[in-house]
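Chain and residue survey
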Amino acid sequence: MIYSFRNSGFRDPETGVYNQTYFMEVFNREWHRHIREQQSLALLYLCPHIHETVKQPHLLEFFTKQVQEALLRATDLIARLDHNHFALGLFNIDEEGTEVVLKRIAHHIQEFNQEFGKNHKLKIDYKLAACLCLPTQEKRIESLFNNVSKLSLELERNQQQSQVLVKLQ
């Protein structure tokens, strides 16, 4: 990726996706808009498992590009939270729509593994935790992030399952 000073304030330099600060600002703004408009939204945590011995300088960038292609709407948002975690925000979406996006992400990651695996003999496993929520004045945005974080940790312990979707009540 060519470094751009124009995007340096809100982009992760390694992957090109939004950084955590920008994501949190946008997600907070959307949370309050969704309260006013009584629309639901979803927060997803994506954890790709890339072994530290893999020395592919642009691997994470290629991987996130595949995930971005699965997000077809311009309002959907992906950001890097830390070295191993990404957050995705899906706005004005219901349970059925969230499940469609989860399947699309899984399909794009599978395609990535097939294409990239041909040349480099590796496969990226992942965990994808999603929580759907209808924001209200009584609900706190922190509870959504806490729930998705707990789901993500539970998925990490469960070797049989790669993704989960729950509805925050």
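This one's a predicted model, so the numbers in the text were calculated from it and none came from an experiment.

**Some remarks on the nonpolar core**
- If you look at the biggest cluster of nonpolar residues, it comprises 28 residues, and the most contacted ones within it are Leu-44, Leu-46, Leu-88 and Ile-105.
- Within the residue set of this core, elements represented by two or more residues are strand S2 (41-49), helix H2 (59-70), strand S4 (86-91), helix H3 (95-120) and strand S5 (125-133).
- Per-element accounting of this core gives the leading share, seven residues, to H3.
- Those residues in contact with Leu-44, other than ones at most four positions away along the chain, are Phe-86, Ala-87, Leu-88, Leu-90, Leu-102, Ile-105, Leu-128, Ala-129, Ala-130 and Val-148.
- Tyr-45, Leu-81, Ile-141 and Leu-155 belong to the second-largest nonpolar core, a separate cluster that totals 25 residues.

**A look at a negative patch on the surface**
- There is a patch of like negative charges on the surface, built from Asp-94, Glu-95, Glu-96 and Glu-99.
- By relative accessible area, Glu-99 is classed as partly exposed at 36%.

**So, helix H1 (residues 20-37)**
- Over its 18 residues, H1 runs 25 Å from end to end, which matches the ideal 26 Å to within 8%, given 1.5 Å per residue.
- Among all positions in H1, only Phe-23, Val-26, Phe-27, Glu-30, Trp-31, His-34 and Ile-35 are buried.
- Residues of H1 that are buried make contact with strand S1 (18-19), S2, strand S3 (77-80), S4, S5 and helix H4 (141-157).
- Where H1 begins, the side chain of Asn-19 points an oxygen toward the backbone nitrogen of Thr-21, at a separation of 3.3 Å.
- Taken from the residues just after H1, Gln-38 is the one with a positive phi, measuring 50 degrees.

**Looking at unusual backbone geometry**
- The phi dihedral of Gln-38 falls on the positive side, at around 50 degrees, and the residue is not glycine.
- The residue Gln-38 is located in the loop between H1 and S2 in this model.
- According to the relative accessible area criterion, Gln-38 is exposed, its value standing at 66%.
- The backbone of Asn-92 sits at a positive phi, close to 50 degrees, despite the residue not being glycine.
- Mapped onto the elements of the fold, Asn-92 is located in the loop between S4 and H3.

**A few points about the environment of Leu-128**
- Mapping Leu-128 onto the fold places it in strand S5.
- Sequence spacing of Leu-128 and Ala-87 is 41 residues, and the spatial spacing of their C-alpha atoms is 9.6 Å.
- Ignoring any residue separated from it by four or fewer positions in sequence, one finds Leu-128 in contact with Leu-44, Tyr-45, Leu-46, Leu-102, Ile-105, Leu-155, Ser-162, Gln-163 and Val-164.

**Describing the environment of Lys-167**
- Structurally, the position occupied by Lys-167 is in strand S6 (residues 163-168).
- When the C-alpha positions of Lys-167 and Ala-42 are compared, they lie 8.9 Å apart, and in sequence the two are 125 residues distant.
- Beyond its immediate stretch of four places on either side in the chain, Lys-167 contacts Glu-95 and Leu-132.

**Regarding the pairing of S6**
- Judged from the six bridges that link them, S5 and S6 form a sheet pairing that is parallel. Bridge pairing links Leu-128 to Gln-163 in S6.
- With H4 bridging S5 and its parallel neighbour S6, the resulting β-α-β unit is left-handed.

Quick notes on the rules
- Residues numbered from 1 in each chain as written.
- Predicted model: local features only at pLDDT ≥ 70, side-chain atom pairs only at ≥ 80, totals over all residues.
- Heavy atoms only, no water.
- Core = buried A, V, L, I, M, F, W, Y, C linked by side-chain atoms within 4.5 Å.
- Buried < 20%, exposed > 50% of the residue type's maximum accessible area, 1.4 Å probe, protein only.
- Helix = DSSP H or I, 4+ residues; strand = E, 2+ residues; numbered from the N terminus.
- Contact = heavy atoms within 4.5 Å.
- Patch = residues over 30% accessible without salt bridge, like charges linked within 9 Å, V, L, I, M, F, W, Y side chains within 5 Å.
- Areas by Shrake-Rupley, 256 points an atom, 1.4 Å probe, with all protein chains shown as cover.
- Salt bridge = Lys/Arg side-chain N within 4 Å of Asp/Glu carboxyl O.
- Lys, Arg positive; Asp, Glu negative; His and termini not counted.
- Charge placed at Lys NZ, Arg CZ, Asp CG, Glu CD.
- Expected span 1.5 Å × (residues − 1).
- Polar contact = N/O pair within 3.5 Å; in protein donor to acceptor, adjacent residues only side chain to side chain.
- Pairing = 2+ DSSP bridges.
- Right-handed = clockwise from strand over helix to strand, strands pointing away.

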